[in-house]
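Listed below are the residues making up each chain.
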Protein chains: 2
Amino acid sequence: MAASDLSEHIRDLPTPCFLLNLKRIKRNADLMIQRCQAFGIKLRPHMKTAKTVEVGLIVTGGSKRRICVSTLAEAEFFTKNGFDDIIYAMLISDSKLPRLKDLAKKLSMLHLLVDNRKHIEMLNACPLSDGKLWSVYLAVDTGSAREGIPWNDNSLTELVELITSSAHLKFSGLYTHEGTASYSVRGSEKVGEVANTTVDRILHIVDRLKKNGIMCDDISIGATPTASLPGNKVKDITEIHPGNFVFYDAQQFTIGSCSEEDIACVVVTRVLGQYPKRNQLLIDAGWSAVSLDGKLANGSYGLFQGQPHLRLVKMHQEYGFVSCDPEKLSVEDFPIGTMLFLYPYHSCATAVLHQQHYVQQDDKVVDIWTPCSQW
Amino acid sequence: MAASDLSEHIRDLPTPCFLLNLKRIKRNADLMIQRCQAFGIKLRPHMKTAKTVEVGLIVTGGSKRRICVSTLAEAEFFTKNGFDDIIYAMLISDSKLPRLKDLAKKLSMLHLLVDNRKHIEMLNACPLSDGKLWSVYLAVDTGSAREGIPWNDNSLTELVELITSSAHLKFSGLYTHEGTASYSVRGSEKVGEVANTTVDRILHIVDRLKKNGIMCDDISIGATPTASLPGNKVKDITEIHPGNFVFYDAQQFTIGSCSEEDIACVVVTRVLGQYPKRNQLLIDAGWSAVSLDGKLANGSYGLFQGQPHLRLVKMHQEYGFVSCDPEKLSVEDFPIGTMLFLYPYHSCATAVLHQQHYVQQDDKVVDIWTPCSQW
């Protein structure tokens, strides 16, 4: 289907493809925006999941302000499209400074992450012109063991003082991603505990810095589970930066962050082969269209819409191997050409594989969105 | 680095990126071409790995003839670039017939796979014009449980007779992919056994068909392990269709298909963070640049060139988590900005993530190749 063939029925989609549900995306965005308003905090959506201008407009409520990105290509893409107040939510290296400097010129607010003396030294060695300062967040590790200085590390204050004492840097606050911790638990109570622990640990840092005369303007925490099932303490920080919530996926459904009816994306695929002896179907979506990032407890790389007895148990580059529960189904129930819709396990990983995001409203394809890609 | 910045030193490459070694690609291709000549069989390289015109030229020895592809986009891309005699090495469904019909018009030889009566019926219902016939290979399963009718299935002859009796189809031969079987063993002896078993089973089919008066013009078998470590019987079939061998990877090195010095691709990445307490580095290559398709026995998603004591143990979207063996190394040995080169576990899965393939000769970037992508 060419871009000119919009308003086609979804049954005519080429397969494999990635299909978004516009109504669900808007609902997911609205709910998160309202939740933040209720807590009196700001939402800074992470654009690494959707990577499109269209989703950017929806999740910023049309303001095009206050987002996170995880690649320079995303930063440049959203800058070009009029977005501003952007956290480049990755640590930096020298080789990325020329492109960052160019972005800092174009944006009123570009923010960077640092967690090492070397990051600060490289920014000091490459100051911005026209009296501009590099806006710097300290990345802190509140338990996820990814980027960031550990929240209870003794050298933390010293590192912040290197920022505050620099003539070229502005200390903007603290940034943490509690991803690993929040993705490993299940249910609102446990996720809420992770959220509260994250807040406790980051406020512990805020206190320590205050005792040294350093104020944190912004405290940005985030991950979709804790943003969807926040603890009662989230009101004490200034902003959250979840990304995945616009689409959600089978993983978030398992964690309890969303219901199946909130998942706003599917991989569309068709049956190519039937193998009764092994109770298997082959479909035209392999790891190049679905991604291998995670499985449900039943061994399936996603959840087939309306087909609880089908499991995507294995993938090759272009083939998916779908097991039919022989007590419930026969492979003959799925003739060659049958269309299936898979909620992927991790929508961020699936979205990044597709250079076109088809957009569904009711039974029609109403748009094709082009995500930013590469680095 | 823009396309205009060729002849830059590889130290100036943007990261993450995918870098090919031209000399090794040519050597891998030459060896496979010579091996086929020695056995008196044809090479039909599978283009799903490299997906570029440049590699297509190298592996067909400049002839642009006789390739496999695994997406319609690849078929169209190589057709547009003057290639011909193409097996679309995937099962078909109705929705793909319009594009296949268009390809069949443009090519002198387009070949399709079928393994089900329904495939044959859909081709009969959509005949080619101008007296052309659909060229059809029967996909057979010689032990890998992917596509194909099982080699010892009783209904096999009947299925072939449906092809030979059709006024719209030409029976071209047999096609098998012994991937699963050959990837699960190690060393030349075991891989050679899989290769010989594949040949035995497919010749068993040839004999059965001959007894029914049906000749198989072409017998196409393939997978990189068996093509690299063929048994003595491979001379008895007509062609092999490996794909991965142009790049090889850490997996093929583990199987024994190649040496480390044959691996012709790396992910180039830089160190972004150092975490002495957990003996870890963060690098700027996550699953969006490396792929999650497989790990070495030591738990690493690839092999760091010249750094046997580093392991890529975990990935997020844009971050890789690299463990340093604390008895051999310190994270301080790898300052922020340090460039690392990773031989990926499965190069097909890595290549598909990159829309530009940088090409290295000695220390310089001499070209940027643009692969076909999507479907």
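Residues numbered from 1 in each chain as written. Chains lettered and ligands numbered in written order. Predicted model: local features only at pLDDT ≥ 70, side-chain atom pairs only at ≥ 80, totals over all residues. Heavy atoms only, no water.

Some remarks on the interface of chain B and chain A
Phase 1 of the analysis: Across the boundary between the two partners, chain B contributes 60 residues, which contact 60 residues of chain A.
Phase 2 of the analysis: Carbon and sulfur atoms supply 53% of the area buried between chain B and chain A, which totals about 4700 Å² over both sides.
Phase 3 of the analysis: The tally of links between chain B and chain A comes to 6 salt bridges.
Phase 4 of the analysis: Salt-bridge contacts for Asp141 of chain B lead to Arg278 of chain A; the nearest nitrogen and oxygen are separated by 3.8 Å.
Phase 5 of the analysis: Inspection of the region where chain B meets chain A yields 36 residue pairs in polar contact (both at pLDDT 80 or more).
Phase 6 of the analysis: If you list the elements that add at least two residues to the side of chain B that touches chain A, you get helix H5 (117–124), strand E11 (265–275), strand E12 (280–283), helix H11 (287–290) and helix H12 (347–351) of chain B.
Phase 7 of the analysis: If you tally residues by element for the side of chain B that touches chain A, the top one is E11 of chain B, at 6 residues.
Phase 8 of the analysis: Looking at the side of chain B that touches chain A residue by residue, the class counts come to 22 nonpolar, 22 polar and 16 charged. (Contact = heavy atoms within 4.5 Å. Buried area = accessible area lost by both parts, 1.4 Å probe. Salt bridge = Lys/Arg side-chain N within 4 Å of Asp/Glu carboxyl O. Polar contact = N/O pair within 3.5 Å; in protein donor to acceptor, adjacent residues only side chain to side chain. Helix = DSSP H or I, 4+ residues; strand = E, 2+ residues; numbered from the N terminus. Nonpolar A, V, L, I, M, F, W, Y, C, P; charged D, E, K, R; others polar.)

Some details on the pattern of salt bridges
Phase 1 of the analysis: According to the stated counting rule, one finds 28 salt bridges over all chains in the structure shown.
Phase 2 of the analysis: Between Asp102 of chain A and Lys106 of chain A there is a salt bridge, and its shortest N-O distance comes to 3.0 Å. Within this pair, Asp102 of chain A and its partner Lys106 of chain A are both found in helix H4 (residues 97–106), separated by 4 residues, close to a single helical turn.
Phase 3 of the analysis: The salt bridge involving Glu239 of chain B is made with Arg44 of chain B; its shortest N-O contact spans 2.5 Å. Of this pair, Glu239 of chain B sits in strand E10 (residues 239–240) while Arg44 of chain B sits in the loop between strand E2 (42–43) and helix H2 (53–59), and the two are 195 residues apart along the sequence.
Phase 4 of the analysis: On the accessibility criterion, Glu239 of chain B (0% relative accessible area) is buried.
Phase 5 of the analysis: By relative accessible area, Arg44 of chain B is classed as buried at 2%.
Phase 6 of the analysis: Linked by salt bridges that have partners in common, Arg44, Asp85 and Glu239 of chain A make up one network. (Buried < 20%, exposed > 50% of the residue type's maximum accessible area, 1.4 Å probe, protein only.)

Some details on unusual backbone geometry
Phase 1 of the analysis: For the bond running from Thr15 of chain A to Pro16 of chain A, omega is 0°, close enough to zero to count as cis.
Phase 2 of the analysis: Phi is positive for Arg66 of chain B, close to 70°, though the residue is something other than glycine.
Phase 3 of the analysis: Of note, Arg66 of chain B is situated in strand E3 (residues 65–69).

Re the packing of helix H3 (residues 72–80) of chain B against helix H4 (residues 97–106) of chain B
Residues and elements named next belong to chain B.
Phase 1 of the analysis: Packing of H3 against H4 leaves a shortest axis separation of 11 Å and a crossing angle of 25°. Between H3 and H4, the crossing angle belongs to the class labelled roughly parallel. Crossing geometry of H3 relative to H4 is assigned as left-handed. Residues Leu72, Ala73, Ala75, Glu76 and Thr79 of H3 touch H4, and the partners they reach there are Arg99, Leu100, Leu103 and Lys106.
Phase 2 of the analysis: Counted by class, the contact of H3 with H4 contains 5 nonpolar, 1 polar and 3 charged residues. (Axes fitted to C-alpha atoms, helices over the stretch in contact; angles between N-to-C directions. Parallel < 35°, antiparallel > 145°, perpendicular 65-115°, else oblique. Left-handed = near helix turned anticlockwise from the far one by under 90°.)

Observations regarding the pairing of strand E18 (residues 364–369) of chain A
All names here are of chain A.
Phase 1 of the analysis: Pairing of strand E17 (residues 357–361) with E18, which is carried by 5 bridges, proceeds in the antiparallel orientation. Along E18, the bridge assignment pairs Gln360 with Val365.
Phase 2 of the analysis: The turn linking E17 back onto E18 is made up of 2 residues, and Asp362 within it adopts a positive phi angle of 55°. (Pairing = 2+ DSSP bridges.)

Description of the relation of the copies chain B and chain A
Two copies of the chain are present, and they differ by a rotation about an axis and a shift along that axis.
Phase 1 of the analysis: Mapping chain B onto chain A calls for a rotation angle of 180° and an axial translation of 0.0 Å; the resulting RMSD is 0.0 Å. Such values leave the two copies arranged in the relation of a two-fold axis. Among all C-alpha atoms of chain B, that of Leu292 of chain B lies closest to the rotation axis, at 3.1 Å.
Phase 2 of the analysis: Most of the interface of chain B is mirrored in chain A, where 100% of its interface residues are also at the interface. (Least-squares fit on C-alpha atoms with pLDDT ≥ 70 in both.)

Digging into empty space enclosed by the protein
Phase 1 of the analysis: Using the criterion set out here, one finds 6 cavities of 30 Å³ or more in the structure.
Phase 2 of the analysis: As a volume, the largest cavity reaches approximately 300 Å³.
Phase 3 of the analysis: Lining the largest cavity are 25 residues, with Val352, Leu353 and Gln355 of chain A together with Val352 and Leu353 of chain B sitting closest to its centre.
Phase 4 of the analysis: Of the residues in the lining of the largest cavity, the class split is 10 nonpolar, 11 polar and 4 charged.
Phase 5 of the analysis: Approximately 150 Å³ is the volume attributed to the second largest cavity.
Phase 6 of the analysis: Around the second largest cavity, the lining is made up of 15 residues, and of these Ser291, Leu292 and Leu353 of chain A together with Ser291 and Leu292 of chain B lie nearest the centre.
Phase 7 of the analysis: Along the lines of polarity and charge, the residues of the lining of the second largest cavity split into 10 nonpolar, 3 polar and 2 charged. (1 Å grid on protein atoms, 1.4 Å probe; cavity = no way out; pocket = protein on both sides within 12 Å on 5 of 7 lines; lining within 4 Å. Points joined across faces, edges and corners; volume = space filled by probe spheres on them.)

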